[in-house]
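The primary structure of each chain is shown beneath.
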Amino acid sequence: KCQTACNKYHYITGDHAWLKVYKMQEDEDTAPYWMPTTCMHCDHPACVSACIVGAFSKKENGSVIWDSDMCIGCRYCMVACPFQVPTFEYDKAIQPNINKCDFCFEKTKEGLLPACVEICPVEALTYGKRRSLVEVAEKRLELYPGRYVNKIYGFTEVGGTSWMYISSKDFNELDFPQLGEKPAPGVSESIQHGIFAYFV
C-alpha cells in the first residue's frame, strides 16, 4: 500500500517507486519480512554538499529535496550518498533528472502526512518531529525487548537522519550500511556552490 500511494502521489508509472519495499524470506518456515527503504533525509546530507549547482536542499521539516529545473545530471549526489539512494533516469537522456523521496514535501509543509504514512494501516510508518519519534521508538524498545533489537538505526548514523528504523532483525542481517556517527565529509558548500553556480 505504501509503495502504491507513493507512486500515485508522485505520478510515477511502472515499478519505479521512490519508496522501495523489499520482501525477504530465508526459507519456507520463515514468515516474509517486509522492509521499506527510501531516502534517509540526513540531518547533514552529503548530497546537498556534493551538488555543484545547489539543486539539493535541506528543509526545516527534515525533508531533503531537489530542484529538477536546476539539476544537470552530474550524479555527484549518487557518489556522495552513504546510503546509495539517489537514482538517475538513464532512459530519459534529454531530461537527466536525479530522483529520490522528498518526504512528500508539498504535503508535509501544509501539515499533512506523507503518502506512505497516510496509507499505512498498522502505523509501521510514523511521521512527526524527530525528537518525538525517537521517544516513540525508545518506548517501543523498552516495552517490547523481545520484539526489537536494541537499536534505532539513523539516530546517530552520519550525524543523524530524519528517516529512522527499529527492527526485529539485526541491521547487519538486513544489509544496512554500517556507518559512523560523523556526517559524510564534503568540501565547503559555500565555496563549491558559488564557484560552480557561477560557471554553469
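Refer to the structure presented above.
Residues numbered from 1 in each chain as written. Predicted model: local features only at pLDDT ≥ 70, side-chain atom pairs only at ≥ 80, totals over all residues. Heavy atoms only, no water.

**Student:** Any chance you could explain the layout of surface pockets here in plain terms?
**Tutor:** Any empty space left between the atoms is revealed when a probe the size of a water molecule rolls over them. The computed volume of the largest pocket comes to approximately 1300 Å³. Lining the largest pocket are 45 residues, with Glu 123, Ala 124, Leu 125, Thr 126 and Met 164 sitting closest to its centre. Elements that contribute at least two residues to the lining of the largest pocket include exactly β2 (33–37) and α6 (130–143). With seven residues, the single largest contributor to the lining of the largest pocket is α6. Of the residues assigned to the lining of the largest pocket, the class counts are 27 nonpolar, seven polar and 11 charged. Estimates place the volume of the second largest pocket at around 500 Å³. (1 Å grid on protein atoms, 1.4 Å probe; cavity = no way out; pocket = protein on both sides within 12 Å on 5 of 7 lines; lining within 4 Å. Points joined across faces, edges and corners; volume = space filled by probe spheres on them. Helix = DSSP H or I, 4+ residues; strand = E, 2+ residues; numbered from the N terminus. Nonpolar A, V, L, I, M, F, W, Y, C, P; charged D, E, K, R; others polar.)

**Student:** Whenever I open this one, the side chain of Thr 38 confuses me. Can you help?
**Tutor:** Within the secondary structure, Thr 38 sits in the loop between β2 and α2 (46–50). Thr 38 gets classed as buried once you look at its relative accessible area, which sits at 7%. Those residues in contact with Thr 38, other than ones at most four positions away along the chain, are Trp 18, Leu 19, Val 85, Cys 101, Trp 163 and Tyr 165. (Buried < 20%, exposed > 50% of the residue type's maximum accessible area, 1.4 Å probe, protein only. Contact = heavy atoms within 4.5 Å.)

**Student:** Would you mind showing me how to read the packing of aromatic side chains here?
**Tutor:** The geometry of an aromatic ring pair is captured by two quantities: the separation of the ring centres and the angle between the planes. Within the structure shown, the criterion is met by eight aromatic pairs. When the ring of Tyr 153 is compared with that of Phe 176, the centres are 4.7 Å apart and the planes differ by 75°; the resulting orientation is edge-to-face. With Tyr 153 in the loop between α6 and α7 (189–199) and Phe 176 in the loop between α6 and α7, the pair connects residues that are 23 residues apart, well separated along the chain. Between Phe 171 and Phe 176, the aromatic rings sit 5.0 Å apart at their centres with planes inclined by 70°, giving edge-to-face as the arrangement. Here the two residues Phe 171 and Phe 176 agree in accessibility, since each one is buried. Among the aromatic residues, those joined into a cluster by ring pairs are Phe 83, Phe 103, Tyr 127, Tyr 153, Trp 163, Tyr 165, Phe 171 and Phe 176. Between Lys 107 and the ring centre of Tyr 9, over which it is positioned, the NZ or CZ distance is 5.5 Å. Stacked on the ring of Tyr 144, the Lys or Arg Arg 147 has its end atom at 4.2 Å from the ring centre. (Phe/Tyr/Trp six-rings, centres within 6.5 Å; stacked < 30°, edge-to-face > 60°. Lys NZ or Arg CZ within 6 Å of the ring centre and 35° of its normal.)

**Student:** Mind showing me how you'd approach the environment of Asn 97 here?
**Tutor:** Turning to its location among the elements, Asn 97 is positioned in the loop between β5 (87–88) and β6 (98–99). Each C-alpha atom of the pair Asn 97 and Gly 73 lies 5.8 Å from the other, and the pair is 24 residues apart in sequence. When near neighbours in sequence (up to four residues on either side) are disregarded, Asn 97 contacts Ser 68, Cys 71, Thr 87, Phe 88 and Glu 89.

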